[in-house]
Amino acid sequence: MIDKIKEYIGEVEAFQTQNKEELEAFRIKFLGSKGLIKDFFAEFKNVPNEQKKEFGQVINQLKTTAEDKLKSIQELFESKEETVGIYGDLTRPAEPVKIGSRHPISLVKNQIIDIFSNIGFNVSEGPEIEDDWHNFTALNLPEYHPARDMQDTFFIQTNPDILLRTHTSSVQVRYMEENKPPIRTISPGRVFRNEAVSSRSHCIFHQVEGLYIDKDVSFADLKQTLLYFTKEMFGKSKIRLRPSYFPFTEPSAEIDIYWGLKTETDYRITKGTGWLEIGGCGMVDPNVLKNCGINADEFTGFAFGMGVERIAMLLHQIGDIRMFYENDVRFLEQFKSSI
Ligand code: PHE
């Protein structure tokens, strides 16, 4: 029995806890009204006389050790509660600082801006609410021109002269009106079209348009500039300019990049052709230069435009354009590391 009690003394000495329930269980086990120590004291009368002295000593030792232990742990708990006080637990590690992330559209837009600023383009901006002249008429799209139907327009109330810009070409018109060639500018911004929203198109999206006007600017310069861009942006080095029509450029072309057909996704996004369209371009129509006060006999220029969402979708393999506007934190957080 004495050995058993000594074992318990060892157990009490080793006992440690952070937890109030465990401490209470400890108290009940050893010091409770039906606890072990009570039982041992009750046994005292049955202990042979010659062992009574030693038995009494160890059982008292067990009792004081258990009481001391209980007290010291209780004190520890109380001192912790004091630190928690009004300031909370001052010993707790600092909370991690929550860093936000840039929106993927801003990230890709900034990437495009960086690529063009490396070759001397500046950034120009203009109003999202435009007048007819800057969005259409100056761009060779007079009233009743059928090509206006290409860009379903949101008009402001009943005034047909005020509208939400359908492209950032309007910024280029403003820039040409205010600056003399040489002009090298890109115009990033939000544009609006009255289109049904689906996984591939939205009524609000972003464009980056570019304009280069100087003496002797040629179609070859346009192609080389676009090739440089696709190499930098996508790491792809093959492009194709497919004849097309825009009222403000002549000749005009769609810009296709050769994406390749290595994976199943490549097949899906290029519809099995390997080619992907990323925007439109062309040589600025002399009429547009004239409308903006630039001498069309002296200067020529090229222009191009592309959709930022489309590029972001390609780069980050995003399957639905609507995700950019839902602002689901789980989606946005994935761009944290890209700064
Ligand atoms: N403004 C055209 C669009 O929004 C794109 C474009 C820009 C085409 C410049 C040719 C030259 O569709």
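In this report, the structure presented in the accompanying data block is examined. (Residues numbered from 1 in each chain as written. Predicted model: local features only at pLDDT ≥ 70, side-chain atom pairs only at ≥ 80, totals over all residues. Heavy atoms only, no water.)

1. Overview of the overall build of the protein
In step 1: Scanning the protein from terminus to terminus reveals 13 helices and ten strands.
In step 2: Whereas a compact globule of 339 residues would reach a radius of gyration of roughly 20 Å, the protein reaches 39 Å, over 25% beyond that.
In step 3: By principal-axis analysis of the C-alpha atoms, the protein measures approximately 125 × 45 × 35 Å.
In step 4: Of all 339 residues assigned to the protein, the portion counted as buried reaches 43%.
In step 5: Long-range contacts, defined here as pairs at least 24 residues apart, represent 67% of the contacts in the protein between residues at least 6 apart.
In step 6: Carbon and sulfur atoms make up 51% of the accessible area of the protein, which totals about 19400 Å².
In step 7: Here the protein contributes 41 positively and 51 negatively charged side chains, and the mean placements of these two sets differ by 6 Å. (Helix = DSSP H or I, 4+ residues; strand = E, 2+ residues; numbered from the N terminus. Rg over C-alpha atoms; globule rule 2.2 N^0.38 Å. Buried < 20%, exposed > 50% of the residue type's maximum accessible area, 1.4 Å probe, protein only. Contact = heavy atoms within 4.5 Å. Areas by Shrake-Rupley, 256 points an atom, 1.4 Å probe, with all protein chains shown as cover. Lys, Arg positive; Asp, Glu negative; His and termini not counted. Charge placed at Lys NZ, Arg CZ, Asp CG, Glu CD.)

2. Looking at the nonpolar core
In step 1: I112, F229, F234 and F304 are the most contacted members of the largest nonpolar core, which has 42 residues in total.
In step 2: When residues of this core are assigned to their parent elements, the largest contribution, seven residues, is made by helix 5 (residues 104-117).
In step 3: Setting aside chain neighbours within four positions, we find F304 in contact with F116, Q172, I186, V208, E209, G210, L222, L226, I255, G280 and C281.
In step 4: With 22 residues, the next largest nonpolar core counts F136, L139, V173 and L289 among its residues. (Core = buried A, V, L, I, M, F, W, Y, C linked by side-chain atoms within 4.5 Å.)

3. Quick notes on the site of the ligand
In step 1: In the vicinity of the ligand lie 14 residues, with H167, S169, R193, Q207 and E209 positioned nearest.
In step 2: In the model, an oxygen atom of the ligand is placed 2.9 Å from a nitrogen or oxygen of the R193 side chain.
In step 3: Between Q207 and the ligand, the recorded distance is 2.8 Å, taken from a side-chain N or O atom to an oxygen atom.
In step 4: A total of 320 Å² of accessible area belongs to the ligand in isolation, and the protein chains cover 92% of it.
In step 5: Those elements that place two or more of their residues in the shell around the ligand are strand 6 (204-214), strand 9 (275-284) and strand 10 (300-307).
In step 6: Considering every element that reaches the shell around the ligand, the biggest residue donor is strand 10, with three residues. (Near = heavy atom within 4 Å. Polar contact = N/O pair within 3.5 Å; in protein donor to acceptor, adjacent residues only side chain to side chain.)

4. Considerations on the packing of aromatic side chains
In step 1: A full pass over the atoms with the stated rule returns 17 aromatic pairs.
In step 2: Summarising the aromatic geometry, the rings of F229 and F234 are spaced 6.4 Å apart at their centres and angled 85 degrees between planes, so their arrangement reads as edge-to-face. For the pair formed by F229 and F234, the shared burial category is buried.
In step 3: For the pair F324 and F331, a centre-to-centre distance of 6.1 Å together with 70 degrees between the ring planes defines the contact as edge-to-face.
In step 4: For F324, a relative accessible area of 1% corresponds to the buried category.
In step 5: Among the residues examined, F331 registers a relative accessible area of 7% and is labelled buried.
In step 6: Three or more aromatic residues joined by ring pairs form one cluster here, namely F116, F121, Y212, F229, F234, W259, F302 and F304.
In step 7: For the cation-ring pair, K52 lies above F44, with the distance from its terminal atom to the ring centre recorded as 5.5 Å.
In step 8: Here the guanidinium or amino end of R240 rests over the ring plane of W275, the centre of that ring lying 4.2 Å away. (Phe/Tyr/Trp six-rings, centres within 6.5 Å; stacked < 30°, edge-to-face > 60°. Lys NZ or Arg CZ within 6 Å of the ring centre and 35° of its normal.)

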